[in-house]
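# Structural overview
These are the residues of each chain, in order.
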Amino acid sequence: MTSAVDERDGRTLTSADQFREEVVAACRPLVLRGLVDHWPAVDQGSPGALRDYLARFGAGVAMETFVGPPHIRGRYFYADGLKGFNFERRTLRLAEALDQMVQALDDPDAPTLYAGSLALDDHLPGFMTENVMPLLPPDVAGRIWLGHASRVATHYDAFENLACVVAGTRRFTLYPPSAIGDLYVGPIDNTLSGQPVSLAASDPDNPAYPRFHAIRDQALVADLNPGDALFLPKLWWHQVEATAPFNGMVNYWWDAFAAGPDAPFTSLLLAMITLAERPEVERQAWRAFFDHYVFRPQGHPLAHLPVEQHGVLGPLKAGNYGRLRARVMQLLRGG
């Protein structure tokens, strides 16, 4: 049986430090009720009013819009056999897309439209000045998602995610990172929009995905209304359903625990080419080394030595980040 995501009154969060300490550091999904219910964007009240409000900021920048035939009912996914997709991509300006979205609300036979991950600084300059997010560092920029009722396939983000509903309703169905092996994830280089997706969650009764049934009813569910937000830690799998005829969301991606410019996903790709096809016994040996030096279930690998003897295994912020990175770059160059 699915369970609801834990929640709290988002209006009790008043600073970035409090948000980081009480929410982000827990690394657990959390619904923040009413976090942005004071935003002017949330207060527009109708699709037409929100369209007109956003038109005030529009920079007219061309963007990619998903356009789906009526029969897919907003379920943007692969075509049969993972050969292509069941929708088309059109280049539109934001004002054009919004007009088509609003006009189609009165036509049940019209195609569905979905415009996602639009950088606010590029497409709606000035929006973030009126709709302020004080819980994040000032260099974290927002993105807006607009469209008809839709279902975005189960995927993960490689960053922390704060998703804020400004119009319509959203349902998030979540699975923990440990579920990856039971989700039957598709290819990583043939994706709908960047991240690989779960094939099983989109076709749950398919006998080709038997392990999915063991986790299907263990999902967490979050239902969000305008003004509500969801904090989603990195690597949590999530299906996103926009359940109203017209929907809008603003989200923020950032790496809350980065020690430098390099992303963990980079090391995953490197490990794929250096380790994935070696003999199983050798892979197990490397797993022991990764556990010891990286995942550290027994604590720091040099805990038995004085701190001043930890060398490059000392704190990354003490200059060791740059030293280790330089060594990695040297090795990649064949040095």
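Notes on the structure follow. Residue numbers here run from 1 along each chain, matching the order of that chain's written sequence. Local features are withheld for residues below a pLDDT of 70 in this predicted model, meaning they are given only at 70 or higher, and side-chain atom pairs are given and counted only at 80 or more; totals for whole chains, interfaces and linings count all residues. As a rule here, side-chain values come from all non-hydrogen atoms in the structure, and water together with hydrogens is ignored.

One way to put it is that helix 2 (residues 47-55) packs onto helix 3 (residues 94-104) with a least axis distance of 10 Å and a crossing angle of 170°. Considering their axes alone, helix 2 and helix 3 lie roughly antiparallel with respect to each other. Contact with helix 2, carried on its side by P47, G48, R51 and L54, involves L98, D99 and V102 of helix 3 and no other residues of that element. Comment: axis = line fitted to C-alpha atoms, over the contacting stretch for helices; angle = value between 0 and 180 degrees taken between N-to-C directions. Only DSSP runs of H or I with at least four residues qualify as helices, and only runs of E with at least two residues qualify as strands; both kinds are numbered from the N terminus onward. Angles below 35 degrees are treated as roughly parallel, those above 145 as roughly antiparallel, those between 65 and 115 as roughly perpendicular, and all remaining angles as oblique. We call two residues in contact whenever any of their non-hydrogen atoms come within 4.5 Å of each other.

Turning our attention to a nonpolar patch on the surface. To count toward a patch, a residue needs a relative accessible area over 30% and no salt bridge; like charges are then connected within 9 Å, while nonpolar side chains (Val, Leu, Ile, Met, Phe, Trp, Tyr) are connected within 5 Å. Here the Shrake-Rupley method, with its probe set to 1.4 Å, supplies the accessible areas, and only the displayed protein chains count as covering residues. Note on definitions: salt bridges are taken to be side-chain nitrogens of Lys or Arg within 4 Å of carboxyl oxygens of Asp or Glu. Together, I188, F265, L268, L269, L270, M272, I273, V328, M329 and L332 make up an exposed nonpolar region whose accessible area comes to about 870 Å². Going through the elements one at a time, helix 6 (264-275) and helix 8 (320-332) are the ones with two or more residues in the nonpolar patch. Sort the elements by how many residues they give to the nonpolar patch and helix 6 lands first, with 6 residues. Within the fold, I188 resides in the loop between strand 10 (170-175) and strand 11 (220-224).

All told, the structure shown has 17 salt bridges when counted by the stated rule. Residues R51 and D52 are paired through a salt bridge, measuring 3.2 Å at the closest nitrogen-oxygen approach. Relative accessible area decides the class of each residue, using a 1.4 Å probe on protein chains only: under 20% of the type maximum gives buried, over 50% gives exposed, and in between gives partly exposed. By relative accessible area, R51 is classed as partly exposed at 23%. With a closest N to O distance of 3.3 Å, R89 and E64 form a salt bridge. Within this pair, whereas R89 is found in strand 6 (residues 88-93), its partner E64 is found in strand 4 (residues 62-68), the two being separated by 25 residues in sequence.

Looking at the element boundaries, K234 is found in the loop between strand 12 (229-232) and strand 13 (237-254). A distance of 3.2 Å separates a polar atom in the side chain of K234 from a polar atom in the side chain of D255. Here K234 is in contact with D157, A158, F159, E160, P177, D255, A256 and F257, once residues within four sequence places are set aside. Pairs of N or O atoms within 3.5 Å make up the polar contacts considered here, provided that, within protein, one atom can donate a hydrogen while the other can accept it, and that residues adjacent in sequence are counted only when both atoms are side-chain atoms.

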